[in-house]
Amino acid sequence: MPGPPMGWSSWNSFSNTVNAQIVMEQAKAMADTGLQKSGYQYVNIDEGWWLGKRDADGNIVVDPQAWPAMAAGETAGDMANIVRSIHKMGLKAGIYTDAGKDGCSMYPDLGPKVFGTGSEGHYEQDFLQFAKWGFDYVKVDWCGGDKENLDPAVQYAEIARAMQKAEKQTAHRLYFSLCEWGKQSPWTWAPHLRGVPANVWRTSGDIVDPIVASGEHKDRKVSFEKMLANFDQGIHPEAQHTGAYNDPDMMVIGMPGLTDAQNRVHMALWVVSGAPLLVGADLTKLTPDTVAMLTNSDLIGIDQDALGLQAVKVAETEKGLQVWSKVLTNPGARAVVLLNRTAAPAEMKVEWKDLGLANAEARVKNLWSGEELPSFGAYMVKVPAGDAVLVRVQGTEPEAVTYRPEASAAKTACRGCAVRFAKVAMHAGWARVQIAYTNPGRTLRYAELRVNGQGPTTIAFPATGTASGAVTVQTMLDRAEDGNVLTFSAPNDTTPSDALPSIQAILVR
Ligand code: GLA
């Protein structure tokens, strides 16, 4: 299962004025700056690439000047040209549409105000077209859907089916970025859409605020406060696990408006969120410091960690002095952000018990200074106002408790049945549940997890063949007295071919 996507998107810096020349300059900068070598790979074309024109058969028609032929034998006005050029550089290409009839270009922006740039009424045709052009990634926005008061869960489910159909016809998979801004809690339905489930789903509005003056878009405002708000709104740890990620928006790191310290805070918060690392700045204008931070392998490693978990807030001793911790794959490893949201510098502290680690010596690496030191029981650091320190703690994991299911259903994959674990963990609060399973099928299978009858949250289980696999999720427990009851059941719309995976045991911490 892939980590959160890494790359660049045209929207933050170029709005709806994007064209082939801009895209290729950015792709080249992705290579030249070393971003590509560090794992950034998507070159995503956002709103503005077409002006809502279709031919008599309903096919999208694009401006041949904006999207010219780029090599011998190519025809101007064919989006396959830009995809080929991006692929030739070893990069991947992303495209954009809207779930409604109109796209977001109906609102004033840097480029022209146009209507009809959405895919509603053409879902199958458009997603087949994107796959045939060779795109690897598609972002599906919600401006038109919102204007028409459509139900996002319904529209995006139809889109997921259209994408699956396109995939069957072309053998080409589109990475699915769902952009509904968190209005109808997409983390509860986007990760398990039938057909092609969303890989990432937006959890809030845009960080970049278009400044519209006298009907014209004059500038792009980047605000530190909005970035912090998007981080807060992006935290839904129960919905996130490997391959399925909350998306607090494309980054504004390196754009005019943020200081170096604010850029660092932004990066720290995105990597502990396990958020997509999509740079929205103009890559040809990044400073060496910004490039160094974006390509820092410790930071990228935290974001891309194989468990795919999201940070949870583990302490806030005083309002605005927050400690966020992301559990990493290596036993005993945590990425910890000490975030000072107050107006004064503060001495901040994180205790191992807050991190769920044994009270023993741990190694702490300050990822800003690179300094690595042993520390016993806690770590203290002075954090300037409006700043953050990111550390990696390598401590000792306490023993996990293993639970076996109550019913014999665990032995075979079952449909319509539930696998129940009782008396789990005598504590309330966030717990990490590692689920040992097998899925002998060829596709993802799903289970709904209910804790003490509440929920559910849906978990995806990749195929394992004859081997066994493990998926780790975070879940909120609420019974400290007799323990919690965790039930895994097949989602309502489960078909015989993709029944519940066989769940053998859970390890809980
Ligand atoms: C919405 C999205 C943005 C961007 C613009 C394009 O606002 O949230 O990310 O795609 O539309 O118009």
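Residues numbered from 1 in each chain as written. Predicted model: local features only at pLDDT ≥ 70, side-chain atom pairs only at ≥ 80, totals over all residues. Heavy atoms only, no water.

What follows is about the packing of helix α7 (residues 224-233) against helix α8 (residues 260-273). Between α7 and α8, the least distance of the axes is 11 Å, while the angle of their chain directions is 10°. Here α7 is positioned roughly parallel relative to α8, judged by the angle of their axes. Of the residues in α8, those touching α7 at F224, M227, L228, N230 and F231 are Q262, V265, H266, L269, W270 and S273. Grouping the amino acids of the contact of α7 with α8 by side-chain chemistry returns 7 nonpolar, 4 polar and no charged. (Axes fitted to C-alpha atoms, helices over the stretch in contact; angles between N-to-C directions. Helix = DSSP H or I, 4+ residues; strand = E, 2+ residues; numbered from the N terminus. Parallel < 35°, antiparallel > 145°, perpendicular 65-115°, else oblique. Contact = heavy atoms within 4.5 Å. Nonpolar A, V, L, I, M, F, W, Y, C, P; charged D, E, K, R; others polar.)

As paired elements, strand β15 (residues 361-366) and strand β16 (residues 372-376) share 5 bridges and run antiparallel to each other. Across the sheet, residue R363 finds its bridge partner in β16, namely P374. The turn linking β15 back onto β16 is made up of 5 residues, and G370 within it adopts a positive phi angle of 85°. (Pairing = 2+ DSSP bridges.)

It is worth spelling out helix α6 (residues 152-170) at this point. For α6, built from 19 residues, the straight-helix expectation of 27 Å at 1.5 Å per residue is met to within 8% by its first-to-last C-alpha distance of 26 Å. For α6, the set of buried residues is P152, Q155, Y156, A157, I159, A160, A162, M163 and A166. With a side-chain oxygen lying 3.0 Å from the backbone nitrogen of A153, the N-terminal cap of α6 falls on D151. A171 lies just past α6 and shows a positive phi near 55°. (Expected span 1.5 Å × (residues − 1). Buried < 20%, exposed > 50% of the residue type's maximum accessible area, 1.4 Å probe, protein only. Polar contact = N/O pair within 3.5 Å; in protein donor to acceptor, adjacent residues only side chain to side chain.)

By definition, the strands of a sheet pair up through backbone hydrogen bonds, in either a parallel or an antiparallel sense. Taken together, the 8 strands give an open sheet; going across it, the order is β9-β6-β5-β4-β3-β2-β1-β10, and neighbouring strands pair in parallel fashion. A single partner strand is all that each edge strand has here, and the edge strands are β9 (245-247) and β10 (277-279). Across the sheet, the axes of successive neighbouring strands diverge by a mean angle of 25°, strand direction being ignored. In this sheet, β10 lies alongside strand β1 (residues 6-9) in parallel orientation, the contact comprising 3 bridges. In the strand pairing of β10, G7 is matched with L278. Sheet strands in contact with α6 are β4 (137-141) and β5 (175-178), and its direction is about 165° off that of β5.

Once that is clear, we can look at the pairing of β5. Every second residue of β5 is oriented toward a common face, with Y175 and S177 on one face and F176 and L178 on the other, all of them buried. Here β4 runs beside β5; their pairing, made up of 4 bridges, is parallel. Bridging from a neighbouring strand, V140 pairs with L178 of β5.

So, about the sheet that holds β15. On the basis of which strands lie adjacent, the open sheet formed by 6 strands has the order β11-β12-β13-β18-β15-β16 and antiparallel pairing. If you trace the sheet from one side to the other, it starts and ends with β11 (312-318) and β16, each paired once. Recorded for the sheet is a direction-independent mean angle of 25° between the axes of neighbouring strands. Sitting on the sheet, α8 touches β12 (321-327), β13 (333-340) and β18 (387-394), and the angle it makes with β18 is about 40°.

Okay, the domain arrangement of the protein next. Taken as a whole, the protein is organised into domain 1 (6-303), domain 2 (312-394) and domain 3 (401-508). Just the C-alpha atoms count here: the centres of domain 1 and domain 2 sit 32 Å apart. The interface of domain 1 with domain 2 comprises 19 residues on the first partner and 15 residues on the second. Summed over both partners, the interface of domain 1 with domain 2 comes to about 1,500 Å²; 71% of that surface belongs to carbon and sulfur atoms. A per-residue breakdown of the area domain 1 buries against domain 2 is headed by R264, V272 and I302, which together make up 34% of the total. Scanning the region where domain 1 abuts domain 2 turns up 3 salt bridges. Residue D298 is joined to K365 by a salt bridge in which the shortest nitrogen-to-oxygen separation is 2.8 Å. Of all the elements, α8 adds the most residues to the side of domain 1 that touches domain 2, at 7 residues. Counted by class, the side of domain 1 that touches domain 2 contains 13 nonpolar, 2 polar and 4 charged residues. (Domains from an automatic or database assignment. Buried area = accessible area lost by both parts, 1.4 Å probe. Salt bridge = Lys/Arg side-chain N within 4 Å of Asp/Glu carboxyl O.)

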